[in-house]
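# Structural features, examined
The primary structure of each chain is shown beneath.
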Amino acid sequence: MSMDTASPASSLTADDLAFLRRPLQGFFTVAAGPLPPQPRPLWFEAADDGTIQLFTDPDAPKVRRLRQDPRASIVVASPVGEPEHWVSVAGPVTLASEGAHALLERLAARYWDLDDPARAAQLAEMRTADWLRIAVHPASVRRVAG
């Protein structure tokens with residue numbers, strides 16, 4: 001098993017990106033959150049620009065906290081039964097409504113079977129809501145790969 005290693009700012013490796021592009025859940029934590037931090041599982045995307053992106057309700061408590069302190073982290077781990085592998089990305093975030101619906105569409109197709117009528121109906125309902133796109137810009141990347 002590889003040791004927990006830190007890498008320089010903004011450096012996700014090709015192996016990191018391959019791992020992060022699997023349909024795994026990430027655990028997202030914001031800096032200005034309650035003590036102790038309260039990570040939340042969510043869908044995410046490792047974008048071509050090197051950021052980790054997710055979408056959320058613009059009125060979510062995490063958005064209010066990110067407007068006060070725009071730092072966050074996300075940890076993604078392999079499922080039980082696979083060798084231990086995780087990647088943790090921390091850094092400043094940007095918030096934008098632009099691109100949020102397109103991200104929703106990509107992530108729904110990644111995480112759900114959209115041929116399932118129930119999932120298709122959920123996505124149709126989600127399309128009517130307002131969403132905000134959060135992009136985490138890696139300043140610190142840590143990983144363990146077994």
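Structure first, text after, so check above.
A brief look at the structure comes next. (Residues numbered from 1 in each chain as written. Predicted model: local features only at pLDDT ≥ 70, side-chain atom pairs only at ≥ 80, totals over all residues. Heavy atoms only, no water.)

### Things to note about the pattern of salt bridges
Summed over all chains, the structure comprises 6 salt bridges. Linking Asp-69 and Arg-71 is a salt bridge whose minimum nitrogen-to-oxygen distance equals 2.8 Å. With a relative accessible area of 19%, Asp-69 lands in the buried category. You can call Arg-71 partly exposed: its relative accessible area is 47%. (Salt bridge = Lys/Arg side-chain N within 4 Å of Asp/Glu carboxyl O. Buried < 20%, exposed > 50% of the residue type's maximum accessible area, 1.4 Å probe, protein only.)

### Let's talk about the packing of aromatic side chains
To describe a pair of aromatic rings, one takes the distance between the centres and the angle between the planes. Taken as a whole and assessed by the stated rule, the structure comprises 4 aromatic pairs. For the pair Phe-55 and Trp-131, a centre-to-centre distance of 5.0 Å together with 85 degrees between the ring planes defines the contact as edge-to-face. Note that Phe-55 is positioned in strand β5 (residues 52-56) and Trp-131 in the loop between α4 (117-127) and β8 (132-136), a separation of 76 residues in sequence. With relative accessibility at 14%, the residue Phe-55 sits in the buried group. (Phe/Tyr/Trp six-rings, centres within 6.5 Å; stacked < 30°, edge-to-face > 60°. Helix = DSSP H or I, 4+ residues; strand = E, 2+ residues; numbered from the N terminus.)

### Side note on the pairing of β8
Taken across its 5 residues, β8 has 5 buried, putting it largely inside the fold. Of the two faces of β8, the one carrying Leu-132, Ile-134 and Val-136 and the one carrying Arg-133 and Ala-135 are both buried. The sheet contact formed by β5 and β8 spans 5 bridges and is antiparallel. Across the sheet, the residue bridging to Ile-52 is Val-136, located in β8. (Pairing = 2+ DSSP bridges.)

### Overview of the packing of helix α3 (residues 100-111) against α4
The N-to-C vectors of α3 and α4 enclose an angle of 170 degrees; their axes lie 11 Å apart at closest approach. In terms of axis orientation, α3 runs roughly antiparallel to α4. Residues His-101, Leu-104, Glu-105 and Ala-108 of α3 lie in contact with α4, whose contacting residues are Leu-123, Met-126 and Arg-127. Residue classes in the contact of α3 with α4 are distributed as 4 nonpolar, 1 polar and 2 charged. (Axes fitted to C-alpha atoms, helices over the stretch in contact; angles between N-to-C directions. Parallel < 35°, antiparallel > 145°, perpendicular 65-115°, else oblique. Contact = heavy atoms within 4.5 Å. Nonpolar A, V, L, I, M, F, W, Y, C, P; charged D, E, K, R; others polar.)

### As for the side chain of Gln-53
Summarising the element assignment, Gln-53 is placed in strand β5. In this structure Gln-53 comes out as buried when scored by relative accessible area, which is 7%. Looking at Gln-53, its side chain comes within polar contact range of the side chain of Arg-133, at 3.3 Å. (Polar contact = N/O pair within 3.5 Å; in protein donor to acceptor, adjacent residues only side chain to side chain.)

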